[in-house]
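Breakdown of the fold
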Amino acid sequence: MTLPSHISVRAPGELFNSRLPQDADGHTYFLGLRQGEVASRILLVDSVATAQRVSKVLDHAKGHFEAASTMGFATITGKKYGSEISIIALNPGLANVDAAIREIHSIAQGPLAVMHFGVSQSGLAGTLSGTVVVANRSLALQTNYDAVPSDMVEKRFFRSNTLVPDNDVRRILHNHLIAYIKPPFCVTEATAITVDTMDASEYAQVLQPDAQSVDMKTHYVYDLARRLNIKAVSCSIVRENTHDKTALSAEEYLQLEEVVAKSCIQTLAKLSFNSQI
């Protein structure tokens, strides 16, 4: 990740606690954050550039916080409608999602809500590039490292059971997206497949024909949410349809990203933790 010059990068000092390492000042190893520097409402995004654009939706008042770690994570924390929200940029993959959510869980105060907003592709005929998919269920397609290229596709990958998001957060987000997204873009609720390799993404549609999006984070977010008692939901912009050979232009993507960012931030800001997780 390339960081803007105004975001300071923190290098951890001597580390303690081998399971969730922190330095003497309480900074975590991966995120480089300590208690009081991360909110209980989290938006995970795919890059620092995305985090900066999305942060424009926040109320930029005194107390705005930005930091980055030597491990490639960046955090922007601010407020919307009086609610504190942290936008965290992280790279794809299980290890990055696992490190981020476990460290957030260890230092955040009170109940926790995590939303993932990313980019996906689709191989389902008729799914328009520019579709925003709210993942109402997810599954993981993971590489079988004992398989060989000559094996049947079904033997080369492991397919997990499905998981679902928090119903309250999903419903609120979906309603916000419907209110804001206008043609030629659209929003739907559908199955998301999370893959661990580019090779797995190539066969995702074959092994799960009804899936409308393929990404590298959603199922990992849902799995950690159920293990750690976190409210969670994931949505993504389908930037490319590999079956129909269509893709969003950079201008179209940025236009849609702005609308989805507004919906995500408003959902987190207005979310109530009073309902049962």
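Residues numbered from 1 in each chain as written. Predicted model: local features only at pLDDT ≥ 70, side-chain atom pairs only at ≥ 80, totals over all residues. Heavy atoms only, no water.

Taking 1.5 Å per residue, 21 residues should reach 30 Å; helix 7 (residues 250-270) reaches 30 Å between its end C-alpha atoms and fits that length. All buried positions along helix 7 are accounted for by Tyr-253, Leu-256, Glu-257, Val-260, Ala-261, Ser-263, Cys-264, Ile-265, Gln-266, Thr-267, Leu-268 and Ala-269. (Helix = DSSP H or I, 4+ residues; strand = E, 2+ residues; numbered from the N terminus. Expected span 1.5 Å × (residues − 1). Buried < 20%, exposed > 50% of the residue type's maximum accessible area, 1.4 Å probe, protein only.)

Look at helix 2 (residues 94-107) against helix 6 (residues 218-228): their axes get within 10 Å of each other, and the N-to-C directions meet at 30°. If you check the angle between helix 2 and helix 6, you find them roughly parallel. The way helix 2 lies across helix 6 gives a crossing that is right-handed. For the pair helix 2 and helix 6, contact is made by Leu-94, Val-97, Asp-98, Ile-101, Arg-102 and His-105 and by Tyr-220, Val-221, Leu-224 and Leu-228, respectively. Residue composition of the contact of helix 2 with helix 6, grouped by class: seven nonpolar, one polar and two charged. (Axes fitted to C-alpha atoms, helices over the stretch in contact; angles between N-to-C directions. Parallel < 35°, antiparallel > 145°, perpendicular 65-115°, else oblique. Left-handed = near helix turned anticlockwise from the far one by under 90°. Contact = heavy atoms within 4.5 Å. Nonpolar A, V, L, I, M, F, W, Y, C, P; charged D, E, K, R; others polar.)

With that settled, consider the layout of surface pockets. Sizing a probe to match a water molecule and rolling it over the atoms shows the empty space that remains. Approximately 310 Å³ is the volume found for the largest pocket. What lines the largest pocket is a set of 15 residues, and nearest its centre among them are Val-119, Ser-120, Val-214, Asp-215 and Met-216. Listed by contribution, the elements that provide at least two residues to the lining of the largest pocket are strand 8 (113-122), helix 5 (198-207), strand 12 (213-215) and strand 13 (231-241). Element by element, the count of residues in the lining of the largest pocket is highest for strand 8, at four residues. Counted by class, the lining of the largest pocket contains six nonpolar, four polar and five charged residues. Taken as a whole, the second largest pocket spans an internal volume of roughly 170 Å³. Lining of the second largest pocket is provided by 13 residues; of these, Leu-94, His-219, Tyr-220, Asp-223 and Arg-227 occupy positions nearest its centre. Contributions of two or more residues to the lining of the second largest pocket are made by helix 2, strand 9 (131-143) and helix 6. (1 Å grid on protein atoms, 1.4 Å probe; cavity = no way out; pocket = protein on both sides within 12 Å on 5 of 7 lines; lining within 4 Å. Points joined across faces, edges and corners; volume = space filled by probe spheres on them.)

Glancing now at the confidence of the model for the chain. Per-residue pLDDT for the chain has a mean of 90; in total, 91% of the residues score no lower than 70. Within the chain, no element has a lower average pLDDT than strand 2 (residues 15-16), which sits at 52, and none a higher one than strand 4 (residues 41-45), at 98. (pLDDT = per-residue confidence, 0-100.)

This next bit is on the environment of Val-132. For Val-132, the position within the fold is in strand 9. On the basis of relative accessible area, Val-132 is assigned to the buried category, the value being 0%. Residues Val-132 and Ser-106, 26 residues apart in the sequence, show an inter-C-alpha distance of 31 Å. Once residues within four sequence positions are removed from consideration, Val-132 is found in contact with Leu-177, Ile-181, Cys-186, Val-187, Thr-188, Ser-236, Ile-237, Leu-256 and Val-260.

Right, let's get into the side chain of Asn-144. Considering the arrangement of structural elements, one finds Asn-144 in the loop between strand 9 and helix 3 (153-156). A residue is classified by how much of its surface remains accessible, and Asn-144, at 16% relative accessible area, is buried.

Here we take up the pattern of salt bridges. Scanning the model with the defined rule gives 13 salt bridges in all. Close ionic contact of Arg-170 with Glu-189 constitutes a salt bridge, the shortest N to O distance being 2.4 Å. Of this pair, Arg-170 sits in helix 4 (residues 167-180) while Glu-189 sits in strand 11 (residues 186-195), and the two are 19 residues apart along the sequence. Between Arg-227 and Asp-223 there is a salt bridge; the shortest N-O distance is 2.8 Å. Taken together, the residues Arg-227 and Asp-223, both in helix 6 and four residues apart, mark about one turn of the helix. (Salt bridge = Lys/Arg side-chain N within 4 Å of Asp/Glu carboxyl O.)

What follows covers helix 6. When you tally the buried positions in helix 6, you get nine out of 11 residues, the bulk of the element. Among the residues of helix 6, those classed as buried are Thr-218, His-219, Tyr-220, Val-221, Tyr-222, Asp-223, Leu-224, Ala-225 and Leu-228. Downstream of helix 6 by a residue or two, Asn-229 has a phi angle that is positive, lying close to 60°.

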